[in-house]
Amino acid sequence: MGQEPGKKPVSGRPFHVPVMLEEVVSLFSPIKDGVIVDATLGGGGHTAALLARLDDSVSILGIDRDPAAVDRMFEHGRLRLVVGNFGQLDRILASEGLDEIAGVLLDLGVSSHQLDEGRRGFSYRHEGPLDMRMGPDAARTAHEIVNEASPAELGRIIRSLGEERFARRIAGAIVEHRPIETTARLAEVVRRAIPAATRRSGGHPARRTFQAVRMAVNEELGALSAGLDSGIEALRPGGRCVAIAYHSLEDRIVKRRFRRGEGREPGPVLPVPPPVELTALARRAIKPGKAEVLRNPRARSARLRAVEKVA
Ligand SMILES: C[S@@+](CC[C@H](N)C(=O)[O-])C[C@H]1O[C@@H](n2cnc3c(N)ncnc32)[C@H](O)[C@@H]1O
């Protein structure tokens, strides 16, 4: 604790470079008081900028599922920290005594620190054990999914969460080569399962499979739906929700939830249409500018959507 945000290098790299920082600060800048929830604290880059640049009457509740992110966070008089899953945001807000909030930020996925630390097992680029849990609350490790899931479940995970067209072949190869103990071994088994002609295009051949297993381990899409519902529910009128997604499955969930709140997308079938509760702050997803992508290639796939609570 105590070090400045973004200043502590991990293997010579910053913990995480915040994505679309100016856009996030500007979207929250009309908020003059109350609590903004940073539901994905990570390296604290967004939180640090919000604390520095918004009014002194605004405070932040910073949440991360990863105790390592919360442990190394800087201290600030207007920052409260919680280790928790934003999928249970309603319970976290209740235990913090918050009936309403002024804003909520969801900057989804993993931090650079998590990806770069081999022993966390997130990356096909770093040798490590097959873990991939963002926090200790995850029900299964990647090792359990990779080595114990049925071929059908593995295939479903890789197809639906990785949007991988060779899911069945990859699942078959994984089952055939069990036990698989490390990220490097999993990456190699996946690489060999993909036809050579396809391997040459579209980035690392194991990228989609790793994404799928990580999302299954952390039950990321379920947490996102629940977190959006609770966050929007808790927003006061005029409060804002900003979400940054890094792939199409997450972005689709955000887009649909926001549209439903705007009365533009049907929700569950109800006898009367639900009241309009949100207004869009941008008609389409906002993408990072070219200069940002050059500076920080991990921003490349970011899609930011933002809404304001009207009722
Ligand atoms: C992209 S990073 C956020 C970076 C942060 N905005 C910054 O400026 O450094 C995503 C963070 O969200 C956390 N996270 C992902 N899913 C979560 C969840 N369901 N509940 C709480 N934290 C989560 C991850 O552990 C990770 O630290």
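Treat the numbers as computed from the prediction; the structure is a model and nothing was measured. (Residues numbered from 1 in each chain as written. Predicted model: local features only at pLDDT ≥ 70, side-chain atom pairs only at ≥ 80, totals over all residues. Heavy atoms only, no water.)

Draft legend 1. Representation of the pairing of strand β1 (residues 34-38) within the structure. Within β1, 4 of the 5 residues are buried, leaving the element largely enclosed by the surrounding structure. Where β1 lies against strand β2 (residues 58-64), 5 bridges are found, and the strand directions are parallel. Note that in β2 the partner of Asp38 across the bridge is Gly62. Note on the crossover from β1 through helix α2 (residues 45-53) to β2: the handedness is right-handed. Of the strand pairs in this sheet, β1 and strand β4 (residues 101-107) are connected by 3 bridges, and their pairing is parallel. Paired with Val37 across the bridge in β4 is Val104. (Buried < 20%, exposed > 50% of the residue type's maximum accessible area, 1.4 Å probe, protein only. Helix = DSSP H or I, 4+ residues; strand = E, 2+ residues; numbered from the N terminus. Pairing = 2+ DSSP bridges. Right-handed = clockwise from strand over helix to strand, strands pointing away.)

Draft legend 2. View of the nonpolar core. Core analysis: the largest hydrophobic core is formed by 37 residues, its most contacted members being Met132, Leu161, Ile170, Ile174 and Leu186. Put simply, the parts of the chain that give this core at least two residues each are α6 (142-148), α7 (151-162), α8 (167-176), α9 (183-193) and α11 (207-218). When residues in this core are grouped by element, the largest group, 6 residues, is from α11. Split by domain, the residues of this core number at least three in each of domain 1 (21-113 + 220-309) and domain 2 (139-218). If near-sequence neighbours (up to four positions away) are discounted, Met132 is found in contact with Arg120, Gly121, Phe122, Ala142, Phe210, Val213, Arg214, Val217 and Asn218. Within the second largest apolar cluster, 29 residues are counted, among which are Leu50, Val58, Met73 and Ala299. (Core = buried A, V, L, I, M, F, W, Y, C linked by side-chain atoms within 4.5 Å. Domains from an automatic or database assignment. Contact = heavy atoms within 4.5 Å.)

Draft legend 3. Molecular detail of the site of the ligand. Surrounding the ligand, one finds 24 residues, the nearest of these being His46, Asp64, Phe86, Asp107 and Gln114. Taking Gly45, its main chain carries an N or O atom lying 3.2 Å from an oxygen atom of the ligand. A distance of 2.8 Å separates a nitrogen atom of the ligand from a polar atom in the side chain of Asn85. A class-by-class count of the residues in the shell around the ligand yields 8 nonpolar, 12 polar and 4 charged. (Near = heavy atom within 4 Å. Polar contact = N/O pair within 3.5 Å; in protein donor to acceptor, adjacent residues only side chain to side chain. Nonpolar A, V, L, I, M, F, W, Y, C, P; charged D, E, K, R; others polar.)

Draft legend 4. Quick look at a positive patch on the surface. A cluster of like positive charges, contributed by Arg165, Arg207, Arg208 and Arg300, occupies part of the molecular surface. As for its placement among the helices and strands, Arg300 is situated in the loop between α14 (290-295) and β7 (303-309). (Patch = residues over 30% accessible without salt bridge, like charges linked within 9 Å, V, L, I, M, F, W, Y side chains within 5 Å. Areas by Shrake-Rupley, 256 points an atom, 1.4 Å probe, with all protein chains shown as cover. Salt bridge = Lys/Arg side-chain N within 4 Å of Asp/Glu carboxyl O. Lys, Arg positive; Asp, Glu negative; His and termini not counted. Charge placed at Lys NZ, Arg CZ, Asp CG, Glu CD.)

Draft legend 5. Summary view of the pattern of salt bridges. For the structure shown, the criterion picks out 19 salt bridges. Between Glu96 and Arg80 there is a salt bridge, with its nearest N and O atoms 2.9 Å apart. One end of the pair, Glu96, is in the loop between α4 (89-95) and β4; the other, Arg80, is in strand β3 (residues 79-83), and 16 residues separate them in sequence. Residues Glu117 and Arg119 are paired through a salt bridge, measuring 3.3 Å at the closest nitrogen-oxygen approach. Overall, the relative accessible area of 18% leaves Glu117 in the buried class. Here the residues in one salt-bridge network are Glu188, Arg191 and Arg192, joined through shared partners.

Draft legend 6. Looking closely at the packing of helix α12 (residues 220-234) against helix α13 (residues 248-261). Relative orientation of the contacting elements α12 and α13 amounts to 25°, with a least axis distance of 10 Å. Looking at the two axes, α12 sits roughly parallel to α13. Crossing of α12 over α13 shows right-handed handedness. For the pair α12 and α13, contact is made by Glu220, Leu221, Leu224, Ser225, Leu228, Asp229 and Ile232 and by Leu249, Glu250, Ile253, Val254, Arg257, Phe258 and Arg260, respectively. Taken together, the residues that form the contact of α12 with α13 break down as 8 nonpolar, 1 polar and 5 charged. (Axes fitted to C-alpha atoms, helices over the stretch in contact; angles between N-to-C directions. Parallel < 35°, antiparallel > 145°, perpendicular 65-115°, else oblique. Left-handed = near helix turned anticlockwise from the far one by under 90°.)

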